[in-house]
Each structure stands twice: as structure tokens, then as C-alpha cells.
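Coordinate analysis (summary)
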Amino acid sequence: MKYLISGLLAALLTSLAIDVQAQSRGFSGLYKDRAGRMEVTIGANNTAAWGVDGERGAELDVKANTGWAFSLGYNFDNHWNLSWATDYNDAKYSATVVNEDDDRVGINHKLSTYNSQFNGTYNFFEGAFTPYVQAGLGWSYVDSNISGPPQTGCWWTWYGYVCSSYYNSYGTNEYSYSLGAGVRYEFNRNLFVKAGYTSMWLDSSEDIRYDIGRLELGFML
């Protein structure tokens, strides 16, 4: 993650140098040519701490953590953008599990979270600096990375009868939706930066919601 952040800072400083040179040659920096162009962003996402309370005292508490984010989008005009975005986070968590005998078992591990969504974004201004709002719909996968008791399966193959043991890890794959807002600044025709905050909801019985802050460096094609 530190290499990702270092790379983003290096690219940001380079883009600032390019922008200073462009303005020294008489360019205003108020670019208005997003329309009809593709864009790619890479960045860091920080997921705030969140938790879930279950039945009979079961609970899950997830720590705040920083992961990575990527998106690919298209600007229909200077205001409207449609993109596909994905991000990943691997946060520490503590959980209390209650078994059939009402015994409480404590678990400390890492929770892997993958989000993949299609986002519609509206940029309020046409110029280089603009606030924006966005709404997203897609799916999310949450994996506890905890293996359950081993299970053995057997089946026939062309070379004989085969048995193999495997471990189950609790995970859930859910539809998800999000709402977010932020600001965007274009340094020149090709490079820009975005900073935003998004709330994500999972369509599950546990009523899962978590908040994500993002810092992204973008390239218009």
C-alpha cells in the first residue's frame, strides 16, 4: 500500500509540474473537454470501522483499513459519467460466534471485502474544478478467511474413485448499492484527481453498511 501511495504522489507531483508549464504558456486550466472521452482511475480507499450484531449475542467488529481502488468510465458530456469501479480491502476484525450449545467463541482475523459496481456520476461544473455526486449498483463479496471443520467428498473419475478433503470459509456474495459525493480537479487535459466519500449498503439479512473514503488519480484517454 505504501508503494501505491508513493506512486500516486509521484504522479500527482508530475502532473502539477505539467500544469504549471501549461499555465506559463498562457493556458487557463479551465478545461471543458471531458465529453466523449474515456477515463481510468487508480487510488487508495479507506474503509471506516463498522460492525454487525447477530442473534444470541453474536457480533462482528471490523477495524478501519486502507485498500486499493480502480475504475474505468466514459464521459457522455462535461457533466455525466458512467463507470465501472472495483475496490478491495483486507481489514482486521474481531468476532463472537455462538454455537448450538450457546458457547461463545472469540475470533480475531482479517476480513476480505470486494466491491464491484456501476456508478453514475454527475459533475456540477464543466471546468477543471467541480464537486460531484454519484450513485452505484453492483455486488459485493465478504470473506471471513476462517475455515470451518474439514469435509470430505468422493466421486468417480475415468481413472477410479477419488476422495478429497476441503475446508469451508464463511463468505457472502450480495447485491450492493451506494451513494457518494466528492470533488474533482483536472490539472490538464489528461490528468485529474478525485477525493470522495461513499456509503455502501449490502442487500443482506445482517443489514450491513460501511463507509469508504477514496483518493484517486485519473487519466483521460
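Owing to the predicted nature of the structure, the values given are computational and were not obtained by experimental measurement. (Residues numbered from 1 in each chain as written. Predicted model: local features only at pLDDT ≥ 70, side-chain atom pairs only at ≥ 80, totals over all residues. Heavy atoms only, no water.)

Thoughts on the overall build of the protein
Applied cut-off: Helix numbering and strand numbering both begin at the N terminus, where a helix is a DSSP run of H or I of at least 4 residues and a strand a DSSP run of E of at least 2. Burial classes follow relative accessibility: with a 1.4 Å probe on protein chains only, a residue under 20% of its type's maximum area counts as buried, one over 50% as exposed, and anything between as partly exposed. Per-residue and other accessible areas were derived by the Shrake-Rupley procedure at a 1.4 Å probe size, with only the shown protein chains allowed to occlude residues.
Secondary structure summary: the protein contains one helix and 12 strands in total. Counting from the amino terminus, helix and strand elements in the protein follow one another as α-β-β-β-β-β-β-β-β-β-β-β-β. With 221 residues in all, the protein has 40% of them scored as buried. Summed over its atoms, the accessible surface of the protein is roughly 12700 Å², and 60% of this surface lies on carbon and sulfur atoms.

Things to note about the packing of aromatic side chains
Cut-off, in case you're wondering: Side-chain rings of Phe, Tyr and Trp, where Trp is taken by its six-membered ring, are said to pair if the distance between their centres is within 6.5 Å; with planes under 30 degrees apart they count as stacked, over 60 as edge-to-face, and otherwise as tilted. Placement of a charge over a ring requires the Lys NZ or Arg CZ to be within 6 Å of the ring centre, with the centre-to-atom vector within 35 degrees of the ring normal.
Evaluated as defined, the whole model comprises 10 aromatic pairs. Pairing Trp 68 with Tyr 88 gives two aromatic rings, centres 6.2 Å apart and planes at 35°, and the pair type is tilted. Here Trp 68 is found in strand S4 (residues 65-75), whereas its partner Tyr 88 is found in strand S5 (residues 80-98), with 20 residues between them in sequence. Of the aromatic side chains, those joined through ring pairs into one cluster are Trp 68, Tyr 88, Tyr 114 and Tyr 141. Above the plane of the ring of Phe 192 lies Arg 184, whose end atom (NZ or CZ) is 3.9 Å from the centre. Cation over ring: Lys 194 sits above Tyr 132, and NZ or CZ is 4.8 Å from the ring centre.

Side note on the pattern of salt bridges
Keep this limit in mind: Here, a salt bridge means any side-chain nitrogen of Lys or Arg that lies within 4 Å of a carboxyl oxygen of Asp or Glu.
The full count for this structure, using the stated rule, is seven salt bridges. Of the charged contacts, one joins Asp 33 and Arg 37 as a salt bridge, the two residues approaching to 3.8 Å between their closest N and O atoms. Look at Asp 33 and you get partly exposed, because its relative accessible area is 23%. With relative accessibility at 10%, the residue Arg 37 sits in the buried group. Put simply, Arg 184 and Glu 186 hold a salt bridge, and the shortest N to O gap is 3.2 Å. A single network of salt bridges, built from pairs that share partners, joins Arg 34, Glu 39, Arg 184 and Glu 186.

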